[in-house]
Amino acid sequence: MEKVSGADAVLLSLIEEGQDTVFGYPGGAVIPLYDSLYFKQDKIKHVLARHEQAAVHEAQAYAQITGKPGVCIVTSGPGATNAVTGIANANMDSVPLVVITGQVGSYFLGTDAFQETDVFGLSMPIAKWSAQITKAEDIASTMAKAFYIAVSGRPGVVVLEITKDALTSKTDFVYKKAPVLRSYAPYPKIADEVIDKAVEMINEAERPLILLGHGVLIARAEKTVKEFIEKSGIPFGSTLMGLTALPSDHPLNVGMLGMHGSYAVNMLTNKADLIIAIGMRFSDRVTGKLSGYAKNAKILHIEIDKSEIDKNVPVTLAVHGDLKSALSYLTPRIEKKTYNNWRKEFDKFYQMERTQVIERDTRSNEPLIQMGEPVAMISQKTDGNAVVITDVGQNQMIAARYYKFRIPGTFLTSGGLGTMGFGLPAAVGAAVAQKKLPVILFTGDGGFQMNEQELGTIIQENIPVKMVILNNSVLGMVRQWQNMFQGKRYSQTDLINPDFIKLADAYGIKAKRVEFREDLNSAIDEMLSFDGPYLLDIKVDKDMKVMPFIAPGSTVDEMKLVSND
């Protein structure tokens, strides 16, 4: 057997795992890896980010679209520390990534050598698994473990720190996928008696409510969930991360859960007698004040990660296991019902939101353009058939509320960590992952500037991303809270922005600015029809608020429909 370098072993491992695309940024400690990549460009495409944080976000979006783990390569020291935000972001949202970082030679470890950082120690609290590799012969087996751990059970991020001498040393290469790992059982068996009790709870309920989370999309279980919901006749709401599990216009869909979600589903959560939580973790943004959450309901929680069960909300019954399996056991045994009176209660609250909030946000008579107007217009013009990316803030909530999705897995955003700067690189990763659907980014002017250097990646890779900056020249969500809770003391939320049109032009990207409502329709048409990347800078009202809103410390049924200001 011909020996290979450790760097070759890394890339051969990626090929064995079916990986054909990586994202990254070279540096001293990973030069051997990039040298090996030079000879394998026909098998592995490398997308050169302009910043390591962005590279991880790009790999995350690629993973979410393709269903394969995303792979990212960065160097030691600042390369690894720059990647930390992306690692934490992807892990909190349960996205499978393998992040490979360089490290100084093993003989330098602990000496504070140039660009040495304890990546293993740094990443352990924010990743699913971390490992340090100091010998070339350990690379193949550790890579196999990394990919298995990243995708199995509740997915997450694996960080591999590889010393430079491990990359340059020679080793035999033997690769065995999906190794058996002692004490790691990612797919627990569901007991028959648990299914029996769950069926009984569902069939006895009179006002049940289903909550869909990101786990549905992670498990690629959209079809299974659809069959369960339509057999049951139970209305459902979705978390921010679970929005595209079923189409937005599904007749049983009663809206988005949480702080900036839909009025009906939040107001009626506390009237439900059964909550069926599927692949979601009861985050604080969903529950509001915990002591007042769903006190009239039994809680049935279907979840693969045992640590999430009873963590925030005490459950009546937990179905601990893979949700596809759980629902395949439940669906044939549940009764088909209509719950007409219960569903009418949701309709009443929806009509209140439609007349007092939705029409104002999307068909405004205000002098200034409202954020919801371009989002609703783009949704209509694309018929919900696009991959939509958002940054974090008001733009995120407005896009989630007013874009009407038709295709599962076509809404990517930063959920758990709420990372400003996520949007632009994520749009790059999504566009690299697929070419069939247009990729549309909704971002604020603040978040856009946090990773605007990725315009360089867009032109280098010729990525046809459509970038919509909802530009209010403020940090909109922070300003909204300052307005509502800090006596309108707008501390450090005003922004003096660059000319985004000139910035786009400097990168050779076509761009247009819209300041008046009468120009919005034609500008959106031009953007959507343009063959290539396009930036649309839309001036919007800085005083608009995302409503309805559950104030901190309030229960879900204390949601405010409109602002008092």
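As the structure is a prediction and not an experimental result, all values here were calculated from the model.

## Looking at the sheet that holds strand β2 (residues 21–24)
Piece 1. A sheet is described by the order of its strands in space; here 6 strands give the open sequence β3-β2-β4-β5-β7-β6, paired in parallel fashion. Because the sheet does not close on itself, it has two edges, and the strands there are β3 (45–48) and β6 (129–133). Sheet twist, expressed as the average angle between the axes of neighbouring strands with direction ignored, equals 20°.
Piece 2. The pairing of strand β4 (residues 70–74) with strand β5 (residues 97–103) spans 5 bridges and is parallel. When the sheet's bridge partners are listed, G70 is paired in β5 with L97.
Piece 3. Lying on the sheet, helix α4 (residues 78–92) is in contact with β4, β5 and β7 (157–163); it crosses β7 at an angle near 160°.

## Digging into the environment of T101
Piece 1. Inspection of the secondary structure puts T101 in strand β5.
Piece 2. Counting along the chain gives 37 residues from T101 to D138, while the straight-line C-alpha distance between them is 15 Å.
Piece 3. Residue contacts for T101: discarding those within four places in its chain leaves V30, V74, T75, A80, V119, V159, L160, E161 and I162.

## Some words on the pattern of salt bridges
Piece 1. Counted under the stated rule, the structure contains 23 salt bridges.
Piece 2. Of the charged contacts, one joins D196 and R333 as a salt bridge, the two residues approaching to 2.8 Å between their closest N and O atoms. On the criterion of sequence distance, the pair formed by D196 in helix α8 (residues 192–204) and R333 in the loop between α13 (323–330) and α14 (340–362) is long-range, its members being 137 residues apart.
Piece 3. Accessibility expressed as a relative area gives 37% for D196, which makes it partly exposed.
Piece 4. Exposure remark for R333: the relative accessible area of 42% places this residue in the partly exposed category.
Piece 5. Note that D499 and R513 form a salt bridge whose closest N and O atoms lie 2.7 Å from each other. Placement of the pair is D499 in the loop between α20 (476–485) and α21 (500–506) and R513 in strand β19 (residues 510–514), with a sequence separation of 14 residues.
Piece 6. With relative accessibility at 31%, the residue R513 sits in the partly exposed group.

## A short note on the sheet that holds strand β15 (residues 387–390)
Piece 1. Spatially, 6 strands are ordered β16-β15-β17-β18-β20-β19 in an open sheet, and the strand pairing comes out parallel. Two strands lie at the open edges of the sheet, namely β16 (411–412) and β19, each paired on one side alone.
Piece 2. Across the face of the sheet, helix α22 (residues 520–529) comes into contact with β17 (439–444), β18 (466–471), β19 and β20 (534–539) while running at roughly 165° to β20.

## Some thoughts on the domain arrangement of the chain
Piece 1. Domain boundaries in the chain define domain 1 (4–171), domain 2 (192–345) and domain 3 (367–540).
Piece 2. Taken residue by residue, the interface counts 12 residues in domain 1 and 8 residues in domain 2.
Piece 3. The contact between domain 1 and domain 2 buries some 690 Å² in all, and 51% of this surface belongs to carbon and sulfur atoms.
Piece 4. When residues of domain 1 are sorted by the area they lose upon contact with domain 2, Q64, D93 and R154 head the list and together hold 61% of the total.
Piece 5. Taken together, domain 1 and domain 2 are joined by 2 salt bridges.

## Observations regarding α20
Piece 1. Along α20, the positions that sit buried rather than exposed are G476, M477, R479, Q480, Q482 and N483.
Piece 2. The inward-facing, buried residues of α20 contact α16 (394–402).
Piece 3. Phi turns positive one or two residues past the end of α20, at G487, with a value near 65°.

## Comments concerning empty space enclosed by the protein
Piece 1. Taken as a whole and judged by the stated rule, the model has 2 cavities of 30 Å³ or more.
Piece 2. Of the volumes computed, that of the largest cavity is approximately 50 Å³.
Piece 3. Lining the largest cavity, in full, are Q394, G476, R479, Q480, N483, Y490, K542, D543, M544 and K545.
Piece 4. For the lining of the largest cavity, the element with the most residues is α20, which contributes 4 residues.
Piece 5. Here the lining of the largest cavity is composed, by residue class, of 2 nonpolar, 4 polar and 4 charged.
Piece 6. The space that makes up the second largest cavity amounts to roughly 40 Å³.
Piece 7. As for the second largest cavity, its lining consists of A80, V84, I87, T101, V119, L122, S123 and V159.
Piece 8. Broken down by secondary-structure element, the contributors of at least two residues to the lining of the second largest cavity are α4 and α5 (119–123).
Piece 9. Classifying every residue of the lining of the second largest cavity gives 6 nonpolar, 2 polar and no charged.

Rules of the game
- In every chain, residue numbers begin from 1 and rise along the written sequence.
- The predicted origin of the model limits local features to residues at a pLDDT of at least 70 and limits the giving and counting of side-chain atom pairs to 80 or more, whereas totals for whole chains, interfaces and linings rest on all residues.
- As a convention, hydrogens and water are excluded, and side-chain values are obtained from all of the structure's heavy atoms.
- Two strands qualify as a pair provided that DSSP identifies no fewer than 2 bridges between them.
- Here a helix means four or more residues in a row that DSSP labels H or I, a strand means two or more in a row labelled E, and each is numbered from the N terminus.
- Note on geometry: axes are lines fitted to C-alpha atoms, helical ones only across the stretch in contact, with angles between N-to-C directions running from 0 to 180 degrees.
- Note on contacts: a residue pair qualifies if any of its non-hydrogen atoms lie within 4.5 Å across the two residues.
- Whenever Lys or Arg places a side-chain nitrogen within 4 Å of a carboxyl oxygen from Asp or Glu, that contact is recorded as a salt bridge.
- When accessible area is computed with a 1.4 Å probe and restricted to protein chains, residues below 20% of their type maximum are described as buried, those above 50% as exposed, and intermediate ones as partly exposed.
- Domains are outlined according to an automatic or database domain assignment.
- Buried surface area refers to the total accessible area, computed with a probe of radius 1.4 Å, that the two partners give up upon joining, counted for both partners together.
- Two kinds of site are reported from a 1 Å grid over the protein atoms alone, namely cavities, where a 1.4 Å probe fits but cannot get out, and pockets, open sets with protein on both sides within 12 Å along at least five of seven lines, and residues are called lining when an atom falls within 4 Å of a point.
- Grid points are joined across faces, edges and corners, and a volume is the space filled by probe spheres set on the points.
- Gly is placed with the polar residues, together with every amino acid not listed as nonpolar (Ala, Val, Leu, Ile, Met, Phe, Trp, Tyr, Cys and Pro) or charged (Asp, Glu, Lys and Arg).

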